[in-house]
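Observations on chain architecture
Below are the chains, spelled out letter by letter.
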Amino acid sequence: MPTLTRAQEEKLARLLAERLAAERLAVRLYEAAAAKAEDPRAAASGELQALVRLHLALELEHVSFLEGRMRALGLDPAAPEERELESELAQRGLFDLILRAQEPLARTLPALLGAGMLDHAGWHALVVFANETGDVEARDAFRRRLWEEHEHLERLRAIVSAGRVRREAA
Ligand SMILES: [Fe+2]
């Protein structure tokens, strides 16, 4: 890993902290979405249920990756500020809608797509940072997660745009 200036260290710490808060929230979002997709009233397809479960597993991996990365840099992923950042995010409209049990799946999925785009942008910021600092190992590790978010968005987008969630479940 290349030597970072003080300002770069601070920027990396901030980017990782923001990403960790967002990925922890993503785990909660997918848990909420899974509960809705598995509710028989939503009449969600087995494909959609499996997709939501797959994304939940992916978000869990993103959380543990970031926690490991932070620990390796001497940062504390369990710091209370991390939880504060996450709960602050959770109150924003888009995320709040997904977390609300009474919001139907037909409204939850487009919001999940929006949340996924933000996740994508967050990993992209880390890839750009690693490129700027010439950290090839970090760039590849961040890029892999960026690609996972991308693929996951594409699959979700296909389901949402095909209108494959029953309107009457709304
Ligand atoms: Fe993620």
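1. Some details on the overall build of the chain
Secondary structure summary: the chain contains six helices and zero strands in total. N-terminal to C-terminal, the α/β element order of the chain is α-α-α-α-α-α. Taking 2.2 N^0.38 as the reference for a compact globule, 170 residues should give roughly 15 Å; the C-alpha atoms of the chain span a radius of gyration of 17 Å, in line with that estimate. With the C-alpha coordinates aligned to their principal axes, the bounding extent of the chain is approximately 55 × 30 × 20 Å. Buried residues in the chain amount to 28% of all 170 residues. For the chain, contacts bridging at least 24 residues in sequence account for 74% of all contacts bridging at least 6.

2. So, the packing of helix α1 (residues 6-37) against helix α2 (residues 46-72)
Running from N to C, α1 and α2 point in directions that differ by 160 degrees, and their axes come no closer than 9 Å. The angle between α1 and α2 falls in the class roughly antiparallel. Considering how the two elements wind past one another, α1 and α2 form a crossing that is left-handed. Broken down by class, the residue content of the contact of α1 with α2 amounts to 15 nonpolar, three polar and eight charged.

3. Brief notes about the environment of Leu-16
Within the element layout of this structure, Leu-16 appears in helix α1. Once residues lying within four places of it in the same chain are set aside, the contact partners of Leu-16 are Leu-66, Arg-69, Met-70 and Leu-75.

Reading guide: rules and limits
Residues numbered from 1 in each chain as written. Predicted model: local features only at pLDDT ≥ 70, side-chain atom pairs only at ≥ 80, totals over all residues. Helix = DSSP H or I, 4+ residues; strand = E, 2+ residues; numbered from the N terminus. Rg over C-alpha atoms; globule rule 2.2 N^0.38 Å. Buried ≥ 20, exposed ≤ 12 C-beta atoms within 10 Å, placed from the backbone. Contact = placed C-beta atoms within 7 Å. Axes fitted to C-alpha atoms, helices over the stretch in contact; angles between N-to-C directions. Parallel < 35°, antiparallel > 145°, perpendicular 65-115°, else oblique. Left-handed = near helix turned anticlockwise from the far one by under 90°. Nonpolar A, V, L, I, M, F, W, Y, C, P; charged D, E, K, R; others polar.

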